[in-house]
Amino acid sequence: MTEDDKDAAEGAGKPAMALPPLRDVIARHGLSANRGLGQNFLFDLNLTGRIARAAGPLDAGTVIEIGPGPGGLTRALLDHGAREVIAIERDRRFLPVLAEIAAAYPGRLNVIEGDALKIDAAKLGSKPRRIVANLPYNVATPLLLNWLSAGTAFASLTLMFQKEVADRLLGQPRSKDYGRLAIAAQWRAEVRRLFDVPPRAFTPPPKVTSTVVQLIPRQEPLYPADAEMLERVAAAAFGQRRKMLRQSLRRLSPLAEEIIQSQGIAPTARGEELSIEQFCALARAFRGR
Ligand code: SAM
């Protein structure tokens, strides 16, 4: 590839017409953040570019962005070569701004006005589907659990969470962060922490540090188990975190102690001591009864 070819390839994502800086766009449209909708915006091009690069390659299939807001991350995704972006935004105040971005990248940005919790993202666009989002924190966990239950519909999920939620996604046995969320996420996906983002990077700044996490859904869950039963066992074990399993799991079956023992697990153990493999064994055993 010649230098000219490289320049052409890098410029392939750039808009045909230059867009004004985001802060000017916000001012021109008289927009302000609505905290109730978890609105903390990213204007830093280095940061949005870093997220877009981490999410790539973006030149095949569909990138699905949740909550584009004024479109900082959306622009970065398009500038980094996303072939097709489908963005779901609940706050209609942002639709005119997003329409300007769509016009600057003809045929590449499609905006859906709606609640991402009610839209089946697995049916949007074409494979490989990559979800990329600076998530509204109040709905981040239910959205993630929905996407994880869609199996391999998504090639990757590159998501900004509150750091505390990221820690819980990555939690390991015998740590305070290990629990239902770690089990649900790691059972279905490889989970990687990418980088932290300080509050000052957002407008307005949130109270807490954020973390970008990447999840790559597994072809098959880590160990066989029924998803609903695994969730019930984890919920029971961690709902009463300090209690021994023979007590905390009794609400699933009066034979809990016997079932736990049948899997070679001490009934006096606590949930946080078990590996995901052991949780799956318990889910199969409780289901069998
Ligand atoms: N992506 C923008 C950025 O990085 O600057 C905005 C991120 S802001 C943290 C979250 C965005 O999600 C807001 O634009 C908000 O209106 C939108 N949002 C909140 N709840 C939503 C929902 N249930 N479905 C779709 N969008 C939602």
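Conventions we followed
Residues numbered from 1 in each chain as written. Predicted model: local features only at pLDDT ≥ 70, side-chain atom pairs only at ≥ 80, totals over all residues. Heavy atoms only, no water. Axes fitted to C-alpha atoms, helices over the stretch in contact; angles between N-to-C directions. Helix = DSSP H or I, 4+ residues; strand = E, 2+ residues; numbered from the N terminus. Parallel < 35°, antiparallel > 145°, perpendicular 65-115°, else oblique. Left-handed = near helix turned anticlockwise from the far one by under 90°. Contact = heavy atoms within 4.5 Å. Nonpolar A, V, L, I, M, F, W, Y, C, P; charged D, E, K, R; others polar. Buried < 20%, exposed > 50% of the residue type's maximum accessible area, 1.4 Å probe, protein only. Domains from an automatic or database assignment. Buried area = accessible area lost by both parts, 1.4 Å probe. Salt bridge = Lys/Arg side-chain N within 4 Å of Asp/Glu carboxyl O. Polar contact = N/O pair within 3.5 Å; in protein donor to acceptor, adjacent residues only side chain to side chain.

**Q** Whenever I open this one, the packing of helix H9 (residues 227-239) against helix H12 (residues 276-288) confuses me. Can you help?
**A** Packed helix pairs are specified by the crossing angle of their axes together with the interaxial distance, meaning the distance between the axes. Running from amino to carboxyl end, H9 crosses H12 at an angle of 110°, the nearest separation of the two axes being 8 Å. One way to sum up the angle between H9 and H12 is to call them roughly perpendicular. For the pair H9 and H12, the crossing hand works out as right-handed. For the pair H9 and H12, contact is made by Met229, Leu230, Val233, Ala234, Ala237 and Phe238 and by Phe279, Cys280, Leu282, Ala283, Phe286 and Arg287, respectively. Of the residues assigned to the contact of H9 with H12, the class counts are 11 nonpolar, no polar and 1 charged.

**Q** Which parts of the structure should I look at to understand the environment of Ala121?
**A** Mapped onto the fold, Ala121 is located in the loop between strand S4 (109-113) and strand S5 (129-134). With relative accessibility at 3%, the residue Ala121 sits in the buried group. With 55 residues separating them along the chain, Ala121 and Ile66 place their C-alpha atoms 9.6 Å apart. Apart from the residues lying within four places of it in its own chain, the contact partners of Ala121 are Ile64, Arg129, Ile131, Trp147 and Phe154.

**Q** Just to check I follow, could you spell out the domain arrangement of the chain for this structure?
**A** In many analyses, interface size is given as the accessible surface area lost on bringing the parts together. Considered domain by domain, the chain is made up of domain 1 (3-217) and domain 2 (227-288). Relative placement of domain 1 and domain 2: their C-alpha centres are 36 Å apart. In total, domain 1 and domain 2 occlude about 1,100 Å² of area from one another, counting both sides; carbon and sulfur atoms represent 65% of this. Between the two partners, domain 1 and domain 2, sit 1 salt bridge.

**Q** Please clarify how the side chain of Thr62 should be interpreted in this entry.
**A** Relative to the elements of secondary structure, Thr62 occurs in strand S2 (residues 62-66). The exposure class of Thr62 is buried, given its relative accessible area of 0%. From its side chain, Thr62 meets the backbone nitrogen of Ser126 in a polar contact 2.8 Å long. Other than its neighbours up to four places away in sequence, Thr62 contacts Glu84, Ile86, Gly125, Ser126, Pro128, Arg129 and Arg130.

**Q** Would you mind going over the pattern of salt bridges with me for this structure?
**A** Opposite charge on two side chains makes pairing possible when the charged atoms of those side chains draw close. For the coordinates displayed, the defined rule picks out 12 salt bridges. The salt bridge partner of Glu100 is Arg28, with a shortest N-O separation of 3.2 Å. Residue Glu100 is located in helix H5 (residues 95-104), and its partner Arg28 is located in helix H2 (residues 22-28); the two are separated by 72 residues in the primary sequence. For Glu100, a relative accessible area of 24% translates into the label partly exposed.

**Q** Hey, could you run me through unusual backbone geometry in this one?
**A** Most peptide bonds take the trans form, and the phi angle of most residues other than glycine is negative. The omega angle of the peptide bond from Lys127 to Pro128 is -10°, so this bond is cis rather than trans. Cis geometry is found at the peptide bond from Thr203 to Pro204, where omega equals -10°. If you trace the backbone, Pro204 turns up in the loop between strand S8 (202-203) and strand S9 (210-217). Positive phi, close to 70°, is recorded for Arg174, a residue that is not glycine. Inspection of the secondary structure puts Arg174 in the loop between helix H7 (163-169) and helix H8 (180-188).

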